[in-house]
Amino acid sequence: MKIMEDKLTKVGYITSSHGIKGQVKFKLVQDLDYDKNLENELFFIKDNINFKPLKIESYSIKNNTCIIKFKDVNSINEIQTLLKKEVFIENDNKLFVKLDNYLNYKLSYKNNYFEIIDVINNGVYWLVKIYFIDNVLWIPIVDEYIEEINQEKKVIFAKSIEKLRV
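Residues numbered from 1 in each chain as written. Predicted model: local features only at pLDDT ≥ 70, side-chain atom pairs only at ≥ 80, totals over all residues. Heavy atoms only, no water.

Draft legend 1. View of unusual backbone geometry. Despite not being glycine, asparagine 40 has its phi angle at roughly 70°, a positive value. Among the secondary structure elements, asparagine 40 is positioned in the loop between strand 3 (32-34) and strand 4 (42-47). The phi dihedral of isoleucine 133 falls on the positive side, at around 55°, and the residue is not glycine. By secondary structure assignment, the location of isoleucine 133 is in the loop between strand 11 (126-132) and strand 12 (135-140). The class of isoleucine 133 is exposed, set by a relative accessible area of 65%. (Helix = DSSP H or I, 4+ residues; strand = E, 2+ residues; numbered from the N terminus. Buried < 20%, exposed > 50% of the residue type's maximum accessible area, 1.4 Å probe, protein only.)

Right under this line is the structure:
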């Protein structure tokens, strides 16, 4: 199964069951954060040398804990074989972002590039800090202010950040 493992990236593990209807608690590896909606995405659960594909039916994040319900897994008995197992996704799937990367990124705004000098997570979303014109500016990594994040070039493309100036 080494061929399969070369096509996958470890993203976390299943820590425990949640309730009796087949839900599990999922924990990301430390250097990742959620970037996209997980519904209908495919996770691969490693069982010794085999990988079991499971499609996510629904999920929720409560108190920094991700609760996942897989399709066709409907009872606490069915999830017993999944507990404490590593979770993988396909290498080309961009469900998660690396947390430590934003410090190595540049922020692009109106064809100017700004160095990111700090990064924090407020529990809801990430913020990056730059020197902008005459002051320091914290920019939330949310759709209202961010147009695109190019992970290959390590550039965050911002839009309408003037209104963040105080």
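Draft legend 2. Representation of the packing of aromatic side chains within the structure. Inspection of every chain in the model, using the stated rule, returns 6 aromatic pairs. Where phenylalanine 26 meets phenylalanine 43, the ring centres are 5.2 Å apart and the plane angle is 45°; that geometry is what we call tilted. Of the two residues, phenylalanine 26 sits in strand 2 (residues 23-28) while phenylalanine 43 sits in strand 4, which places them 17 residues apart along the sequence. For phenylalanine 43, a relative accessible area of 0% gives the class buried. Seen from their ring centres, phenylalanine 51 and phenylalanine 88 are 5.2 Å apart, and the 90° between their planes marks the pair as edge-to-face. Here the residue phenylalanine 51 occupies a position in strand 5 (residues 50-62), and phenylalanine 88 occupies one in strand 7 (residues 86-90), the gap between them amounting to 37 residues. Residue classification places phenylalanine 51 among the buried residues on the basis of a relative accessible area of 11%. Here phenylalanine 88 falls in the buried class, since its relative accessible area comes to 5%. One aromatic cluster in this structure is built from Phe26, Phe43 and Phe70. (Phe/Tyr/Trp six-rings, centres within 6.5 Å; stacked < 30°, edge-to-face > 60°.)

Draft legend 3. Local environment of the sheet that holds strand 14 (residues 155-158). The strand order 12-11-10-9-14-13 describes an open sheet built from 6 strands, whose pairing is mixed. The open sheet terminates on both sides in strands that have one partner only, identified here as strand 12 and strand 13 (146-150). Strand-to-strand, the axes of this sheet are offset by a mean angle of 30°, without reference to chain direction. Where strand 9 (residues 106-109) lies against strand 14, 3 bridges are found, and the strand directions are parallel. Each residue of the ladder has a partner; that of lysine 106, found in strand 14, is valine 155. (Pairing = 2+ DSSP bridges. Axes fitted to C-alpha atoms, helices over the stretch in contact; angles between N-to-C directions.)

Draft legend 4. Representation of the layout of surface pockets within the structure. In this structure, the largest pocket occupies an estimated 850 Å³ of space. Contributing to the lining of the largest pocket are 31 residues, with Leu28, Asp33, Tyr34, Asn121 and Trp126 lying nearest its centre. Taken together, the residues of the lining of the largest pocket sort by class into 17 nonpolar, 6 polar and 8 charged. (1 Å grid on protein atoms, 1.4 Å probe; cavity = no way out; pocket = protein on both sides within 12 Å on 5 of 7 lines; lining within 4 Å. Points joined across faces, edges and corners; volume = space filled by probe spheres on them. Nonpolar A, V, L, I, M, F, W, Y, C, P; charged D, E, K, R; others polar.)

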